[in-house]
Amino acid sequence: MKALILDGTKSNNDESTKILDLMLEELKKLKWEVSTIVLEEKNIAYCTGCFGCWIQTPGECVIKDYEEDTVRKMVHSDLIIYLTPIMFGGYSSILKKALDRQIGRVLPYFMKIDGEVHHPKRYEKQQSLLSIGLLDKRDTDKEEVFKTLVARNAINMWAPFQRALISLNGEDESKFSNNFNNALLEVEAIL
Amino acid sequence: MNKKENILVLVGSPKGASSTSNSLGDYLISRLEQSGLTVGKEYIYKLVRKEEGQKKLLTKVDEAGMIILVFPLYVDCLPAGVIKALELIADHRKLKSHREKQGFAIIINCGFPEAQHNNTAIAICKIFSREVGFEWNGALSLGMGGAIGSQSLEERGGMVRNVIKGLDLTAQALAEGKHIPDEAVELFEKKFIPISLYTKMGNLGWNRQAKKYGARKKIKDRPYL
């Protein structure tokens, strides 16, 4: 069982470091093989919107930087985990930079899924998605939008399982660990 | 609501001037200018990469009575560069007090035929607006954005007549310091062509474009297996 953590937080943040450690502990307990990419430290350019990953070098971005390793690792994982501060209900720009560049994981064509148009998958195996959003304090608007965003990503990227977990600053660590552990068990159940 | 005379249009597509966002923005700008307003335009991706550009972005935002953000949907939300711009604006505004409430409106387009894909991005922009203390002036949401491309709306002609009408109504309302009217929102969300035709043409279009790069037979490749 392979998990890839995409860490979209800023460095020197005690709260995100604590949450990342808790995640790694739970993953280790359940014997996941884990790879973590601290995105802020990597050279990843912005997507230029050229669609080269669909029509020029299908499945691969035409920009050659660390995103190539990132997408390769995504494809070979069973589970992708986003770690991000919740920015206005969405992801950080650090995380989103990597996500904008991974659309080569689906095909350019259009198809209907449950009455709505999406893109077909490129690879047979698809990855479950857990998204961990960090918030300073309770904000139901941001939490709802974040959960919706993760669910929409899961549809578009064909994730067989998705869950968004919110971690509030200073919240009981065992509560987060339990929720995270339960989500991992649900991912395992469908592998 | 106060009339905002100095308007800043921020184009959030990494494709800059060659984008659907820019075509929509340019049409709106022409109509706002006809109403006697001063309108400036900046391309977000030109500004967010370097410190100098980031400073320019923040100055332009500070000077504007209203900000209109025009951008494409990327992976169910805002493109990374646009999020970066919003993060910069939010951080900057924590440090400053703002006497006059600035207006904020958005125009979003996606390549999917259904405009509803844009809903999460709109919700994010609304929260941003609340958080930084802007006055939310509404959102126009467009599907089938790929059918416009970098051509001007006038060149696109009759197919986009509802988009043009929606922008006319929006320009009029924003010039008067009002919220984007519901009628404009509804006109914008109307489909130019049937979904089945759009997807068929889109699928043929991808094949044609891949052929241009000699990649037609590789379009379903799985390079990382």
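Residues numbered from 1 in each chain as written. Chains lettered and ligands numbered in written order. Predicted model: local features only at pLDDT ≥ 70, side-chain atom pairs only at ≥ 80, totals over all residues.

A. Quick peek at the overall build of chain B. A count of helical and extended segments in chain B gives 9 helices and 5 strands. A compact globule built from 225 residues would reach a C-alpha radius of gyration of about 17 Å, and chain B, at 18 Å, matches this within 12%. Overall, the C-alpha framework of chain B stretches about 60 × 40 × 25 Å when taken along its three principal axes. A separation of at least 24 residues holds for 77% of the contacts in chain B among residues at least 6 apart in sequence. (Helix = DSSP H or I, 4+ residues; strand = E, 2+ residues; numbered from the N terminus. Rg over C-alpha atoms; globule rule 2.2 N^0.38 Å. Contact = placed C-beta atoms within 7 Å.)

B. Structural view of the sheet that holds strand E3 (residues 66–72) of chain B. Residues and elements named next belong to chain B. Spatial ordering of the open sheet is given by E2-E1-E3-E4-E5, a layout of 5 strands whose pairing is parallel. Each end of this open sheet is capped by a strand with a single partner; those strands are strand E2 (38–43) and strand E5 (135–142). Taking the axes of each pair of neighbouring strands and ignoring which way they run, one obtains an average angle of 15 degrees across the sheet. (Pairing = 2+ DSSP bridges. Axes fitted to C-alpha atoms, helices over the stretch in contact; angles between N-to-C directions.)

C. Here's a closer look at the packing of helix H7 (residues 161–175) of chain B against helix H8 (residues 182–189) of chain B. Residue and element names in this part refer to chain B. Packing of H7 against H8 brings their axes to within 8 Å, and their N-to-C directions diverge by 160 degrees. Comparing the axis directions of H7 and H8 gives the class roughly antiparallel. Remark: the crossing between H7 and H8 carries left-handed chirality. Within the contact between the two elements, H7 uses Asn162, Val163, Lys165, Gly166, Leu169 and Thr170 and H8 uses Glu183, Ala184, Leu187 and Phe188. Counted by class, the contact of H7 with H8 contains 5 nonpolar, 3 polar and 2 charged residues. (Parallel < 35°, antiparallel > 145°, perpendicular 65-115°, else oblique. Left-handed = near helix turned anticlockwise from the far one by under 90°. Nonpolar A, V, L, I, M, F, W, Y, C, P; charged D, E, K, R; others polar.)

D. Main features of the environment of B:Ser19. Residues and elements named next belong to chain B. Counting through the fold element by element, Ser19 comes out in the loop between strand E1 (6–11) and helix H1 (20–34). Sequence-wise, Ser19 and Ser150 are 131 residues apart; in three dimensions their C-alpha atoms are separated by 4.6 Å. If we ignore the near neighbours within four places in the chain, the residues touching Ser19 are Val11, Ser13, Pro72 and Ser150.

E. Summary view of the interface of chain A and chain B. At the interface, 39 residues of chain A touch 41 residues of chain B. Those elements that place two or more of their residues in the side of chain A that touches chain B are helix H2 (52–55), helix H3 (67–75), helix H4 (93–100), strand E5 (116–118) and helix H5 (140–156) of chain A. Sorting elements by how many residues they give to the side of chain A that touches chain B places H5(A) first, with 8 residues.

F. Geometry of the pairing of E2(B). All names here are of chain B. Both E1 and E2 contribute to a ladder of 6 bridges, which runs parallel. In the sheet register, Val9 faces E2, and the bridge partner there is Lys41. For the handedness criterion, the β-α-β arrangement of E1, H1 and E2 is classed as right-handed. (Right-handed = clockwise from strand over helix to strand, strands pointing away.)

G. Focus on the packing of H4(A) against helix H4 (residues 80–94) of chain B. Where H4(A) meets H4(B), the closest approach of the two axes is 8 Å, and the angle between their N-to-C directions is 170 degrees. By the angle between their directions, the pair H4(A) and H4(B) is classed as roughly antiparallel. Listed contacts from H4(B) to A:Ser93, A:Lys96, A:Lys97 and A:Asp100 of H4(A) are B:Ala80, B:Ile83, B:Lys84 and B:Glu87. Tallied by class, residues from the contact of H4(A) with H4(B) come to 2 nonpolar, 1 polar and 5 charged.

H. Summary view of the sheet that holds strand E2 (residues 33–38) of chain A. Residue and element names in this part refer to chain A. On the basis of which strands lie adjacent, the open sheet formed by 5 strands has the order E2-E1-E3-E6-E7 and parallel pairing. Each edge of the open sheet carries a strand with a single partner, namely E2 and strand E7 (162–168). This sheet shows a mean twist of 15 degrees between the axes of neighbouring strands, independent of strand direction. The strands that helix H1 (residues 14–29) touches are strand E1 (2–7), E2, strand E3 (79–85), strand E6 (128–135) and E7; relative to E6, the one it contacts most, it runs at about 150 degrees.

I. Spotlight on the domain arrangement of chain B. Residue and element names in this part refer to chain B. The assigned domain composition of chain B is domain 1 (6–192) and domain 2 (194–225). Taking only C-alpha atoms into account, the centre of domain 1 sits 30 Å from that of domain 2. Of the residues that constitute the side of domain 1 that touches domain 2, the class distribution is 3 nonpolar, 1 polar and 1 charged. (Domains from an automatic or database assignment.)

J. Structural detail: H1(B). All names here are of chain B. The terminal C-alpha atoms of H1 lie 22 Å apart, and with 15 residues this matches the ideal 21 Å at 1.5 Å per residue to within 8%. Burial of H1 is extensive: 11 of the 15 residues sit out of reach of the surface. Among the residues making up H1, those that are buried are Thr20, Ser21, Asn22, Ser23, Leu24, Gly25, Tyr27, Leu28, Ile29, Arg31 and Leu32. Where the residues of H1 are buried, they touch E1, E2, E3, strand E4 (103–109), helix H6 (153–156) and H7. Positioned one or two residues after H1, Gly36 has a phi angle of 85 degrees, which is positive. (Expected span 1.5 Å × (residues − 1). Buried ≥ 20, exposed ≤ 12 C-beta atoms within 10 Å, placed from the backbone.)

K. Representation of the nonpolar core. If you look at the biggest cluster of nonpolar residues, it comprises 126 residues, and the most contacted ones within it are A:Leu6, A:Ile81, B:Val9, B:Ile68 and B:Ile124. Looking at this core element by element, the count peaks at 8 residues for helix H5 (residues 119–132) of chain B. Each of domain 1 (6–192) and domain 2 (194–225) of chain B contributes no fewer than three residues to this core. Leaving out residues up to four positions away in the same chain, A:Ile81 has contacts with A:Ala3, A:Leu4, A:Ile5, A:Leu6, A:Met23, A:Leu130 and A:Ile132. (Core = buried A, V, L, I, M, F, W, Y, C linked by C-beta atoms within 7 Å.)

L. Seen up close, the environment of B:Ala175. Residues and elements named next belong to chain B. Topologically, Ala175 is positioned in helix H7. Ala175 gets classed as buried once you count the C-beta atoms within 10 Å, which come to 20. Here the alpha-carbon distance between Ala175 and Gln34, two residues 141 residues apart in the chain, equals 9.8 Å. The contacts of Ala175, once residues within four sequence positions are left out, are Leu32, Ser35 and Leu37.

M. Broad picture of unusual backbone geometry. The backbone of A:Phe88 sits at a positive phi, close to 55 degrees, despite the residue not being glycine. You can see A:Phe88 is positioned in the loop between E3 and H4. A positive phi angle, close to 50 degrees, is found at B:Val75, a residue other than glycine. Among the structural elements, B:Val75 can be located in the loop between E3 and H4. According to the C-beta neighbour criterion, B:Val75 is buried, with 21 such atoms within 10 Å.

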